[in-house]
Amino acid sequence: MPTRREPTARQLRLAVELRRLREAAGLKARQAAAMLGVSNVQISQIEAGLSGVSEERLRRLASHYACTDEDFIGALVKMATDRTRGWWEEYRELLPTSFLDLAELDHHATFQQDVAILYVPGLLQTEDYARAVFSSRLPELTTEELELRVQHRLTRQSKAAFAHEVVIHESALRIRVGDRAATRVQLARLQEASEADRITLRVIPFDLDGFARASSTMTYVGGPVPKLDTVVRDAPHGAMLIDSEAQLSAYRTRFRKVEAVSLAPDRSHDFIHRLTKEL
């Protein structure tokens, strides 16, 4: 297979999982290469995401690594053989790669869990709210860059079809990212979203105990199997994707604890309604 110039986050994740399987089996790259009858360079390229791997070779590697988790192997095979060219490819070289990676992550997600402290989660933002968020970024964006980001975010929203659990702190509801009118519309959008079958929205008021458990924003994205879940965290250079098993376990626990100290969905809906009336 030809080498890639810039592998996607999904291709890199496949590469990481294959390396983890080899290392867990206690094998060196040269041993895996000998088993496949390829060079050490080819194994290195596969484990760096620079080269793809066929289903036949992937299954041989999994067998050689003594991996017996058929669901996991099947998910890896699908990652290796999927040739989907998603809508996000229209933005390649127009937006930073992290925007494309998030859209691709959405496309393959089985569920998503958000904890929001300062901003409404991107998938629930109105157009005006999203534009205000991107307008505040430094260095400042050109009009074209700004509109591309807003358009990309709105398209992500229109494509989302997974079960979505959201916990929003009161601070994110009260901070006026835009003006008063934009905030009122954004709150109305959250009320509407909370009534959708696939969305569960909870609020953490200022006066609720246990806030320390929700002290940071996080997005947890479910994969086809738990081993392929991903956590998204904001970073100065863009989105940071976390996928180590230990960290995934920690973030699962964090979300359960945050959920436990939040208001029930019906009380959260009423809480947002009261805030809207105050504006």
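As a reminder, the structure under discussion sits directly above these lines.
In every chain, residue numbers begin from 1 and rise along the written sequence. Thresholds applied to this predicted model are a pLDDT of at least 70 for local features of residues and 80 or more for the giving and counting of side-chain atom pairs; totals over whole chains, interfaces and linings are not thresholded and use all residues. Excluding hydrogens and water, the side-chain figures rest on all heavy atoms present in the structure.

**Some thoughts on the overall build of the protein chain**
Only DSSP runs of H or I covering at least 4 residues are called helices, and only runs of E covering at least 2 are called strands; the numbering of each starts at the N terminus. Counting its secondary structure elements, the protein chain contains twelve helices and six strands. Taking the principal axes of the C-alpha coordinates as reference, the protein chain spans close to 70 × 40 × 30 Å. Looking at the protein chain alone, contacts between residues at least 24 apart form 74% of all its contacts between residues at least 6 apart. Accessible surface is estimated by sampling points in the Shrake-Rupley manner with a 1.4 Å probe; for residues, cover comes only from the protein chains shown. For the protein chain, the accessible area works out to roughly 14500 Å², and carbon and sulfur atoms hold 50% of it. Neither His nor the chain ends contribute to the count of charged residues, in which Lys and Arg are positive and Asp and Glu negative. Just so you know, the charge point we use is NZ for Lys, CZ for Arg, CG for Asp and CD for Glu. On the protein chain, the mean spot of the 39 positive side-chain charges and the mean spot of the 39 negative ones are 4 Å from each other. Contact definition: two residues touch when any of their heavy atoms are within 4.5 Å.

**Considering the environment of Leu 94**
With respect to the helices, strands and loops of the structure, Leu 94 is situated in the loop between helix H5 (70-81) and helix H6 (97-108). Remark: exposure states derive from per-residue accessible area (1.4 Å probe, protein chains only) relative to the maximum for the residue type, with buried under 20%, exposed over 50%, and partly exposed in between. Given the relative accessible area of 46%, Leu 94 is considered partly exposed. Separated by 51 residues in the primary sequence, Leu 94 and Glu 145 have C-alpha atoms spaced 8.1 Å apart.

**Quick notes on the layout of surface pockets**
Residues are called lining when one of their atoms sits within 4 Å of a cavity or pocket point, these points coming from a 1 Å grid over the protein atoms alone, where a cavity is a set in which a 1.4 Å probe fits but cannot get out and a pocket is an open set with protein on both sides within 12 Å along at least five of seven lines. Grid points are joined across faces, edges and corners, and a volume is the space filled by probe spheres set on the points. Roughly 1100 Å³ of internal volume is contained in the largest pocket. Forming the boundary of the largest pocket are 40 residues, of which Leu 102, Arg 137, Arg 153, Asp 234 and Ala 239 lie nearest the centre. Top contributing element to the lining of the largest pocket by residue count: H6, with five residues. The volume enclosed by the second largest pocket comes to roughly 540 Å³. As for the second largest pocket, its lining consists of 25 residues, of which Arg 4, Thr 8, Gln 11, Asp 82 and Glu 104 are closest to the centre.

**Here we look at the packing of aromatic side chains**
Two rings from Phe, Tyr or Trp (for Trp, the six-membered ring) form a pair when their centres sit within 6.5 Å of each other. Planes less than 30 degrees apart are called stacked, planes more than 60 degrees apart edge-to-face, and all others tilted. For the coordinates displayed, the defined rule picks out four aromatic pairs. Taken together, a centroid distance of 6.1 Å and an interplanar angle of 80 degrees make the contact between Trp 87 and Trp 88 edge-to-face. Measuring from centroid to centroid gives 6.1 Å for Trp 87 and Tyr 91, while their planes differ by 90 degrees, and the two rings are edge-to-face. Judged by relative accessible area, Tyr 91 falls into the buried class, the value being 6%.

**Quick look at the environment of Arg 4**
Mapped onto the elements, Arg 4 comes out in the segment before helix H1 (9-24). Judged by relative accessible area, which is 26%, Arg 4 ranks as partly exposed. Taking the C-alpha atoms as reference, Arg 4 lies 20 Å from Glu 56; in sequence the two are 52 residues apart. Within the local environment of Arg 4, its side chain forms a polar contact with the backbone oxygen of Gly 49, the two atoms lying 3.0 Å apart. Two N or O atoms count as a polar contact when they lie within 3.5 Å, although within protein this holds only if one can serve as hydrogen donor and the other as acceptor, and sequence-adjacent residues are included solely when both atoms are side-chain atoms.

**Re helix H4 (residues 55-64)**
Inspection of H4 places Leu 58, Leu 61 and Ala 62 among the buried residues, and these make up the whole buried set. An end-on view of H4 places all buried positions within 100 degrees of arc, on one side of the element. Check the buried side of H4 and you find it contacts H1, helix H2 (29-36) and H5. Looking one or two residues past H4, Ala 66 carries a phi angle of roughly 60 degrees, positive in sign. The directions considered for the arc are those from the helix axis to the C-beta atoms.

**Observations concerning the packing of helix H7 (residues 127-135) against helix H8 (residues 143-159)**
Here the axes come from fitting lines to C-alpha atoms, over the contacting stretch only for helices, and the angles between their N-to-C directions go from 0 to 180 degrees. Where H7 contacts H8, the two axes come as close as 9 Å, and the packing angle between them is 135 degrees. Comparing the axis directions of H7 and H8 gives the class oblique. In this structure, H7 crosses over H8, and the sense of that crossing is right-handed. On H8, the residues that touch Glu 127, Ala 130, Arg 131, Phe 134 and Ser 135 of H7 are Leu 146, Glu 147, Arg 149, Val 150, Arg 153 and Leu 154. Looking at the contact of H7 with H8, its residues break down into five nonpolar, one polar and five charged. Put simply, angles under 35 degrees are roughly parallel, angles over 145 are roughly antiparallel, angles from 65 to 115 are roughly perpendicular, and the rest are oblique. Should the near helix be turned counterclockwise from the far one by less than a right angle, the crossing is left-handed, whereas a clockwise turn marks it as right-handed. By the convention adopted, Pro, Cys, Tyr, Trp, Phe, Met, Ile, Leu, Val and Ala count as nonpolar, Lys, Arg, Asp and Glu as charged, and the other residues, Gly among them, as polar.

In short, geometric facts, not functional conclusions.
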